[in-house]
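# Structural description and commentary
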Amino acid sequence: LGQLTDGRVGPDNFKMGFYDYERGQGWVGWRNDTRNGQPVEIKFEFDQVREFTAVHIFCNNQFLRDVQVFDEAVVMFSVGGRHYVGDPITYTYMEDRIFENSRNVTVKLHHRIGRFVKLQLHFAARWIMISEVTFESDIASGNFTPETDPAPDIQVQSDVHLEKEVRPNINKPVFTVKPEDNSLMAVTVGALLAVIILLAVAIFLIVSRHRQ
C-alpha cells in the first residue's frame, strides 16, 4: 500500500494504471463481496504526535464498471495506537452517477490529535479504488500519553432518598364569629320607627294648617 502515499495519482481509467510500466501510477482496490459487509480499514502511523486538519482521498468513480467513491468515511485517532477512544469523525459522500472522472475527496479533521489514524471506508458499489491519501497536519505541541482501555460505564445508585411529607398545621389560628346581640338590633329598629312616625305626624299637621 505504499503507493497510496507516494504523491502520484492514477488515471481516470483504472485499467491504464494496472498495465502502465511505470510503478506508482495504479490504483488500490477492494471488492465489497469479499469482505462480508465490512468496510475497508487503513491504519496510518506517523513519526510524531500531530494535529490534523484534513485528509484528501483520491478516488475512482467509474460507476459503469461498478467502481464508486465510498459512501461514508470514518476517521479515528490514537496516540498509542491500541485504543481509539475519542469520538470518530464521520463524513458522508453525496453519490455521483453522472461524471466518471476521478476526484479528490476532502474530509475536515478539526484539529484532532494523534500519532495513529484509522480510516474506514464504506462501500457504495462493488468496488472502492483509491490512488492517494494525503494528510494536512502539523506537529502537536504538548505532552501526550497513550490511551488506556476505556472502563465500562458504571451505574451509580443514590443512597439518599428524599421524600416530601405533608404535615397538618397545628398552629393555624382559628377565627370565631360571635353572634350579634338581638337586643341591640331591636332598640335600633324601634328608634327608626319612632322617627318615621314623628315625621309623618309633622307632615300631616303642616298640610292641615295650609288647608285652613
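Right, let's walk through the structure included here. (Residues numbered from 1 in each chain as written. Predicted model: local features only at pLDDT ≥ 70, side-chain atom pairs only at ≥ 80, totals over all residues. Heavy atoms only, no water.)

Another point: the side chain of Ser131. Looking at where Ser131 falls in the secondary structure, it is placed in strand 6 (residues 127-139). Apart from the residues lying within four places of it in its own chain, the contact partners of Ser131 are Gln3, Leu4, Arg8, Val9, Gly10, Gly26, Trp27 and Phe58. (Helix = DSSP H or I, 4+ residues; strand = E, 2+ residues; numbered from the N terminus. Contact = heavy atoms within 4.5 Å.)

The sheet built from 6 strands is open, its strands ordered 1-6-2-5-3-4 with antiparallel pairing. A strand with exactly one partner marks an edge of an open sheet, and here the two such strands are strand 1 (28-31) and strand 4 (89-92). Geometrically, the sheet is characterised by an average inter-axis angle of 25° between neighbouring strands, direction not taken into account. Pairing between strand 2 (residues 40-59) and strand 5 (residues 103-122): 15 bridges, direction antiparallel. Note on strand 5: the bridge partner recorded for Glu41 is Gln120. (Pairing = 2+ DSSP bridges. Axes fitted to C-alpha atoms, helices over the stretch in contact; angles between N-to-C directions.)

Moving on: the environment of Asn32. Examined against the element boundaries, Asn32 turns out to sit in the loop between strand 1 and strand 2. It is 5.0 Å that separates the C-alpha atoms of Asn32 and Arg126, two residues lying 94 residues apart in sequence. Ignoring sequence-local partners within four residues, the contact set of Asn32 consists of Gly37, Phe123, Ala125 and Arg126.

Checked against the element boundaries, Asn60 lands in the loop between strand 2 and strand 3 (72-78). Sequence spacing of Asn60 and Ser102 is 42 residues, and the spatial spacing of their C-alpha atoms is 4.5 Å. Ignoring anything within four residues of it in the chain, the contact list for Asn60 reads Pro11, Asp12, Phe14, Trp27, Val67, Gln68, Val69, Ser102 and Met129. Polar side-chain contacts of Asn60 include one of 2.9 Å to the backbone nitrogen of Gln62. (Polar contact = N/O pair within 3.5 Å; in protein donor to acceptor, adjacent residues only side chain to side chain.)

Here we come to the pattern of salt bridges. As enumerated under the stated definition, the model contains 5 salt bridges in all. Note that Arg115 is salt-bridged to Glu45, the shortest N-O span being 3.4 Å. Of this pair, Arg115 sits in strand 5 while Glu45 sits in strand 2, and the two are 70 residues apart along the sequence. For Glu45, a relative accessible area of 56% corresponds to the exposed category. A salt bridge links Arg103 to Asp96, with the nearest nitrogen and oxygen atoms 3.1 Å apart. On the accessibility criterion, Asp96 (16% relative accessible area) is buried. Among the charged side chains, a network of salt bridges with common partners joins Arg31, Asp33 and Arg126. (Salt bridge = Lys/Arg side-chain N within 4 Å of Asp/Glu carboxyl O. Buried < 20%, exposed > 50% of the residue type's maximum accessible area, 1.4 Å probe, protein only.)

Time to look at the side chain of Ser78. Summarising the element assignment, Ser78 is placed in strand 3. Of the polar contacts made by the side chain of Ser78, one reaches the side chain of Glu147; its length is 3.0 Å.

So, about the nonpolar core. If you look at the biggest cluster of nonpolar residues, it comprises 29 residues, and the most contacted ones within it are Trp30, Ile57, Phe70, Leu109, Leu121, Ile130 and Phe135. Listing elements by their share of this core, those giving two or more residues are strand 1, strand 2, strand 3, strand 5 and strand 6. For this core, the element with the highest residue contribution is strand 2, accounting for 8 residues. Excluding its chain neighbours within four sequence positions, the residues that come into contact with Ile130 are Leu4, Trp27, Val28, Trp30, Ile42, Ile57, Phe58, Cys59 and Leu121. Grouped together as the second largest cluster of nonpolar side chains are 5 residues, Phe14, Phe58, Val67 and Met129 included. (Core = buried A, V, L, I, M, F, W, Y, C linked by side-chain atoms within 4.5 Å.)

Below, the discussion takes up the packing of aromatic side chains. A complete count under the given rule lists 7 aromatic pairs for this structure. An angle of 70° between the planes, with centres 5.7 Å apart, marks the rings of Phe52 and Phe135 as edge-to-face. Here Phe135 lies in strand 6 and Phe52 lies in strand 2, a separation of 83 residues in the sequence. For the residue pair Phe52 and Phe135, the accessibility class agrees, reading buried in each case. Taken together, Phe44, Phe46, Phe52, Phe77 and Phe135 form an aromatic cluster joined through their ring pairs. (Phe/Tyr/Trp six-rings, centres within 6.5 Å; stacked < 30°, edge-to-face > 60°.)

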